[in-house]
Amino acid sequence: MQTKTYFPPSELIINEDGSVFHLHVRPEQLADKVILVGDPGRVNLVASHFDTKECDIQSREFHTITGTYQGKRITVVSTGIGCDNIDIVLNELDALANIDFGTREEKDSLRQLELVRIGTCGGLQPYTPAGTFICSEISIGFDGLLNFYEGRNAVSDLPLERALLNHLGWTGNLCSPTPYAVHANHELVERIARNDMVRGITVACGGFFGPQGRRLRIPLADPRQNEKIESFEYKGQHITNYEMESSAIAGLSLLLGHKATTVCMVIANRVKQEANTGYKNQIDDLIRVVLERI
Ligand code: R1P
Ligand code: URA
């Protein structure tokens, strides 16, 4: 008989109240449908549409509310900014679903979560002006997170990674960490994006400025980065947007067996050099669409 893996207290940290270390959520408080947002303030906006609420938990940048929307039980969690936080949120959500907190052993059967990130992004094509909703069919991580996990190559689109690196002509420091390309869950993309969202390739960066080709006072290692990103084409698809979390969400979900995709509203178009700072009301439209379709 196969022995089950035991996860000791140093590896899976459980708080005294039975909640997981960073999120402070207990296993019974997690729904199968999960909406991830960056801004902790956006959690209240999502939950303002809920018909019922069963918990409201705040811990650091992680704000979690579980409730129901038209009969669907949904958890909304904020991740803060960046893929480093996604490593925490995805691993802790999966632990809540798939590890028995009493025995500290993996459960016998997989509980699959459905994860949809609702975020903001920078548009990289003339057809993605401010206000556009973009669904990430593929995410390319410039953040390096997935490189630390076994199986990284098995879940990645290696030919796409190679084609992009050739197109960028990057070597040395610019290739460290190596970019990884991962696909969102196809069924979820079809259900969430339908025919009214732009679908595309999203690049998730390890920063908002230099890594997204924004030059303020520090010159960039590759001043032509965005020009090259915008002109890249692979199997008829283009890179549509920059944000900072979708690659880690798609990659870790593939490794853990969950369904995931990211939808973002464009708040700055890099080609047109325009930004919309009054987007906070408009993102509610995207929230409503996702709540209907999740
Ligand atoms: C940067 O301003 C932040 O906005 C985007 C980026 O991914 C990054 O987190 O997403 P959110 O609006 O979800 O935070
Ligand atoms: N979020 C990003 O990461 N980049 C942008 O340009 C806008 C929002």
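Residues numbered from 1 in each chain as written. Chains lettered and ligands numbered in written order. Predicted model: local features only at pLDDT ≥ 70, side-chain atom pairs only at ≥ 80, totals over all residues. Heavy atoms only, no water.

## Thoughts on the side chain of Thr 240
The residue Thr 240 is located in strand β12 (residues 237-243) in this model. A distance of 2.9 Å separates a polar atom in the side chain of Thr 240 from a polar atom in the side chain of Asn 241. (Helix = DSSP H or I, 4+ residues; strand = E, 2+ residues; numbered from the N terminus. Polar contact = N/O pair within 3.5 Å; in protein donor to acceptor, adjacent residues only side chain to side chain.)

## Overview of the pairing of strand β4 (residues 72-78)
In terms of residue burial, β4 counts as a mostly covered element, since six of its seven residues are buried. As paired elements, strand β1 (residues 33-37) and β4 share five bridges and run parallel to each other. By the bridge assignment for β4, Lys 33 is matched with Ile 74. As defined by bridge partners, strand β3 (residues 62-69) adjoins β4 across six bridges and the pair is classed as antiparallel. Bridged to Tyr 69 within β4 is Lys 72. (Buried < 20%, exposed > 50% of the residue type's maximum accessible area, 1.4 Å probe, protein only. Pairing = 2+ DSSP bridges.)

## Looking at the site of ligand 1
Inspection of the region around ligand 1 gives Gly 38, Arg 42, Ile 81, Arg 117, Gly 119, Thr 120, Phe 208, Glu 243, Met 244 and Glu 245 as its neighbouring residues. The backbone of Gly 38 places a nitrogen or oxygen atom 3.2 Å from an oxygen atom of ligand 1. Glu 245 is positioned such that a nitrogen or oxygen atom in its side chain is 2.5 Å from an oxygen atom of ligand 1. More than half of the atoms of ligand 1 fall within 2 Å of the grid points belonging to the second largest pocket. A per-element tally of the shell around ligand 1 places strand β7 (residues 114-123) first, with three residues. Of the residues assigned to the shell around ligand 1, the class counts are three nonpolar, three polar and four charged. (Near = heavy atom within 4 Å. 1 Å grid on protein atoms, 1.4 Å probe; cavity = no way out; pocket = protein on both sides within 12 Å on 5 of 7 lines; lining within 4 Å. Sits in = over half its atoms within 2 Å of the grid points. Nonpolar A, V, L, I, M, F, W, Y, C, P; charged D, E, K, R; others polar.)

## Brief notes about the nonpolar core
Judged by nonpolar contacts, the single largest core of 32 residues is most densely connected at Leu 23, Leu 36, Leu 93 and Leu 115. Taken together, the elements giving at least two residues each to this core come down to β1, β2 (52-59), α2 (83-98), β9 (180-183) and α6 (246-256). Counting residues per element, this core draws most heavily on α2, which supplies eight residues. Those residues in contact with Leu 23, other than ones at most four positions away along the chain, are Ile 57, Ser 59, Phe 62, Val 77, Val 89, Glu 92 and Leu 93. Of all hydrophobic cores here, the second largest spans 30 residues; its members include Val 43, Ile 65, Val 189 and Val 263. (Core = buried A, V, L, I, M, F, W, Y, C linked by side-chain atoms within 4.5 Å. Contact = heavy atoms within 4.5 Å.)

## Points about the UniProt feature "domain: Nucleoside phosphorylase" (unreviewed entry) in the protein chain
The positions UniProt marks with the feature "domain: Nucleoside phosphorylase" (unreviewed entry) are residues 34-274. Between the end C-alpha atoms of residues 34-274 the distance is 32 Å, and the span holds 25% helix and 34% strand. (UniProt positions renumbered as here; feature names shortened; annotations may be inferred.)

## Some thoughts on the environment of Gly 80
By the element assignment, Gly 80 lies in the loop between β4 and α2. Judged by relative accessible area, Gly 80 falls into the buried class, the value being 8%. Taking the C-alpha atoms as reference points, Gly 80 and Gly 67, separated by 13 residues in sequence, lie 21 Å from one another. If near-sequence neighbours (up to four positions away) are discounted, Gly 80 is found in contact with Val 37, Gly 38, Glu 61, Asn 85 and Glu 245.

## Things to note about the layout of surface pockets
Looking at the largest pocket, its volume works out to about 570 Å³. Phe 7, Asn 91, Asp 94, Ala 95 and Ile 99 are the residues nearest the centre of the largest pocket, which is lined by 22 residues in total. Counting residues per element, the lining of the largest pocket draws most heavily on α2, which supplies seven residues. Taken together, the residues of the lining of the largest pocket break down into eleven nonpolar, five polar and six charged. Computed from the structure, the second largest pocket encloses a volume of approximately 430 Å³. As for the second largest pocket, its lining consists of 25 residues, and the residues nearest its centre are Ile 81, Thr 120, Phe 208, Met 244 and Ile 267. Elements that contribute at least two residues to the lining of the second largest pocket include exactly α1 (40-47), β7, β12 and β13 (259-269). For the lining of the second largest pocket, the leading source of residues is β7, giving five residues. Looking at the lining of the second largest pocket residue by residue, the class counts come to ten nonpolar, eight polar and seven charged. (Points joined across faces, edges and corners; volume = space filled by probe spheres on them.)

## Topic: the site of ligand 2
Near ligand 2, the surroundings consist of Thr 120, Cys 121, Gly 122, Phe 208, Gln 212, Arg 214, Tyr 242, Glu 243, Met 244 and Ile 267. Contact distances for ligand 2 include 2.9 Å between a nitrogen atom and a side-chain N or O atom of Gln 212. Measuring from an oxygen atom of ligand 2, one finds a side-chain N or O atom of Arg 214 at 2.6 Å. Out of a free accessible area of 240 Å², ligand 2 has 93% covered by protein chains. Secondary structure elements with two or more residues in the shell around ligand 2: β7 and β12. It is β7 that provides the largest number of residues to the shell around ligand 2, a total of three residues. (Areas by Shrake-Rupley, 256 points an atom, 1.4 Å probe, with all protein chains shown as cover.)

## Some thoughts on the packing of aromatic side chains
Inspection of the entire model under this criterion finds three aromatic pairs. Ring centres 5.5 Å apart and planes at 55 degrees place the aromatic pair Phe 142 and Trp 170 in the tilted group. With Phe 142 in the loop between β8 (133-141) and α3 (158-168) and Trp 170 in the loop between α3 and β9, this residue pair connects regions lying 28 residues apart in the sequence. Note on Trp 170: relative accessible area 9%, which makes it buried. An angle of 10 degrees between the planes, with centres 6.4 Å apart, marks the rings of Phe 232 and Tyr 234 as stacked. Note on Phe 232: relative accessible area 2%, which makes it buried. Above the face of the Phe 208 ring, Arg 214 is positioned so that its terminal group lies 3.9 Å from the ring centre. (Phe/Tyr/Trp six-rings, centres within 6.5 Å; stacked < 30°, edge-to-face > 60°. Lys NZ or Arg CZ within 6 Å of the ring centre and 35° of its normal.)

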